[in-house]
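# Structural overview for review
What follows is each chain in one-letter form.
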Amino acid sequence: MSKIRGYFATLSIIIGLAVIIIVMFFYKKKNNARNVRRYCRLFFPFNFIRMEKIGEYDLEAKLIIINHQSACDIICLEGDHPLNICWVAKKQLGEIPFYGHALKLPQMIFVDREDKGGIVQLLKDAKDRLAQNRPIAIFPEGTRGRGDRSFLPFKPGGKILAQKLKLRIQPIVLVNTRKVYDSKPISTKASHTRIVCMPAFTPDFDNDKDWYERLRDEMFEVYCKHYDELNGREDSH
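Residues numbered from 1 in each chain as written. Predicted model: local features only at pLDDT ≥ 70, side-chain atom pairs only at ≥ 80, totals over all residues. Heavy atoms only, no water.

Counting its secondary structure elements, the chain contains 10 helices and nine strands. Against the 2.2 N^0.38 benchmark of 18 Å for 237 residues, the chain shows a C-alpha radius of gyration of 17 Å, consistent with a compact globule. If one aligns the C-alpha atoms of the chain with their principal axes, the spans along those axes are about 50 × 45 × 35 Å. Residues classed as buried in the chain amount to 51% of the 237 residues present. Put simply, of all contacts in the chain between residues at least 6 apart along the chain, 75% involve residues at least 24 apart. Within the chain, the 28 negative side-chain charges are centred at a point lying 7 Å from the centre of the 39 positive side-chain charges. (Helix = DSSP H or I, 4+ residues; strand = E, 2+ residues; numbered from the N terminus. Rg over C-alpha atoms; globule rule 2.2 N^0.38 Å. Buried < 20%, exposed > 50% of the residue type's maximum accessible area, 1.4 Å probe, protein only. Contact = heavy atoms within 4.5 Å. Lys, Arg positive; Asp, Glu negative; His and termini not counted. Charge placed at Lys NZ, Arg CZ, Asp CG, Glu CD.)

What follows is about the pairing of strand E6 (residues 169-175). For E6, a buried count of seven out of seven residues is recorded, marking the element as mostly surrounded by other parts of the structure. Both faces of E6 are covered, namely the face carrying Ile169, Pro171, Val173 and Val175 and the face carrying Gln170, Ile172 and Leu174. Where strand E2 (residues 63-66) lies against E6, four bridges are found, and the strand directions are parallel. Note that in E6 the partner of Ile64 across the bridge is Gln170. By the bridge criterion, four bridges tie E6 to strand E9 (residues 192-197) in an arrangement that is antiparallel. Residue pairing across strands places Val173 opposite Val196, the latter belonging to E9. (Pairing = 2+ DSSP bridges.)

What follows deals with the pairing of E2. Covered by surrounding structure in E2 are Leu63 and Ile65 together with Ile64 and Ile66, the residues of both alternating faces. The pairing of E2 with strand E5 (residues 136-138) spans three bridges and is classified as parallel. Residue pairing for E5: Ile64 is matched across the bridge by Ala137.

On to the packing of aromatic side chains. Going through the model one piece at a time under the given rule, you end up with 15 aromatic pairs. Between Phe43 and Phe44, the ring centres sit 5.2 Å apart and the planes meet at 85°, which makes this aromatic pair edge-to-face. What makes Phe43 buried here is its relative accessible area of 7%. Where Phe151 meets Tyr223, the ring centres are 5.1 Å apart and the plane angle is 45°; that geometry is what we call tilted. Of this pair, Phe151 sits in the loop between E5 and helix H8 (157-165) while Tyr223 is found in helix H10 (residues 211-231), placing the two residues 72 residues apart along the sequence. Residue classification places Phe151 among the buried positions, given a relative accessible area of 10%. Three or more aromatic residues joined by ring pairs make a cluster, and in this case those are Phe151, Phe154, Phe201, Phe205, Trp211, Tyr212, Phe220, Tyr223 and Tyr227. (Phe/Tyr/Trp six-rings, centres within 6.5 Å; stacked < 30°, edge-to-face > 60°.)

Time to look at H10. Under the 1.5 Å per step criterion, the end-to-end length of H10 is 30 Å for 21 residues, consistent within 8% with the ideal 30 Å. Those residues of H10 that sit buried are Trp211, Tyr212, Leu215, Met219, Tyr223, Cys224, His226, Tyr227, Asp228 and Asn231. Looking at the buried positions of H10, the neighbouring elements they touch are strand E1 (50-54), E2, H8, E6, helix H9 (177-180) and E9. The positive-phi residue at the C-terminal boundary of H10 is Gly232, with phi of around 75°. (Expected span 1.5 Å × (residues − 1).)

The next subject is a nonpolar patch on the surface. A cluster of nonpolar side chains, Ile22, Phe25, Phe26, Tyr27 and Phe98, forms an exposed patch at the surface whose accessible area comes to about 550 Å². Counting through the fold element by element, Phe26 comes out in helix H1 (residues 2-27). The class for Phe26 is exposed, based on a relative accessible area of 64%. (Patch = residues over 30% accessible without salt bridge, like charges linked within 9 Å, V, L, I, M, F, W, Y side chains within 5 Å. Areas by Shrake-Rupley, 256 points an atom, 1.4 Å probe, with all protein chains shown as cover. Salt bridge = Lys/Arg side-chain N within 4 Å of Asp/Glu carboxyl O.)

We now examine the pattern of salt bridges. Scanning the model with the defined rule gives 15 salt bridges in all. Of the charged contacts in the structure, one is a salt bridge between Asp58 and Arg168, with a shortest N-O distance of 2.9 Å. With Asp58 in the loop between E1 and E2 and Arg168 in the loop between H8 and E6, this residue pair connects regions lying 110 residues apart in the sequence. Look at Asp58 and you get buried, because its relative accessible area is 17%. Note on Arg168: relative accessible area 30%, which makes it partly exposed. Through salt bridges that share partners, Arg50, Glu52, Arg194, Lys225 and Glu229 make up one connected network.

Distances and angles like these do not, on their own, reveal function.
Structure representation (structure tokens):
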């Protein structure tokens, strides 16, 4: 049954995203087709998945730092966050035939990890999007985690963005997104996911050198609390 639900969810993503991309083409100049992108939220009721939000979005935050587990992580915030989010994504995602336009049309930021000058371009693009009043959203783990009771190490991109541009940060923790939709292997093993909005803050960049490492620990602590509430303690690592 989990595979059947997973394939149904995959089909809904493929068809839904295709429709959104086509419509976005005509509305891309209207706030980066933000109103069109919000229809991502239909993925959850269409697949009988409950998406619960704990806490509130800080609309003054300029950098959103999020753990990463599933292809539906972006769907969560695209459908629920009130602002015109700009995602930081791997360059390769924008090169996917047709579906890469889901990131290109709304002018998301692409990072080439093989380019040593990539961080310079990232900062330049981030300044441009911030000037458009778009908060930047980044997955500091860089790739999808296992979706169990664990986090991957944080890569330095988020820290560099925050420090160089002096950004107010809101950490957001996603729980169970890989359980509600896993693409490797395709399956849906749960029907309840959470968005946990932690308090926003501006680090003391000059005097607190460990803020980024501490942030990861605090996010992981919050993640474990909500993971255990939704799943119990069957995953102990």
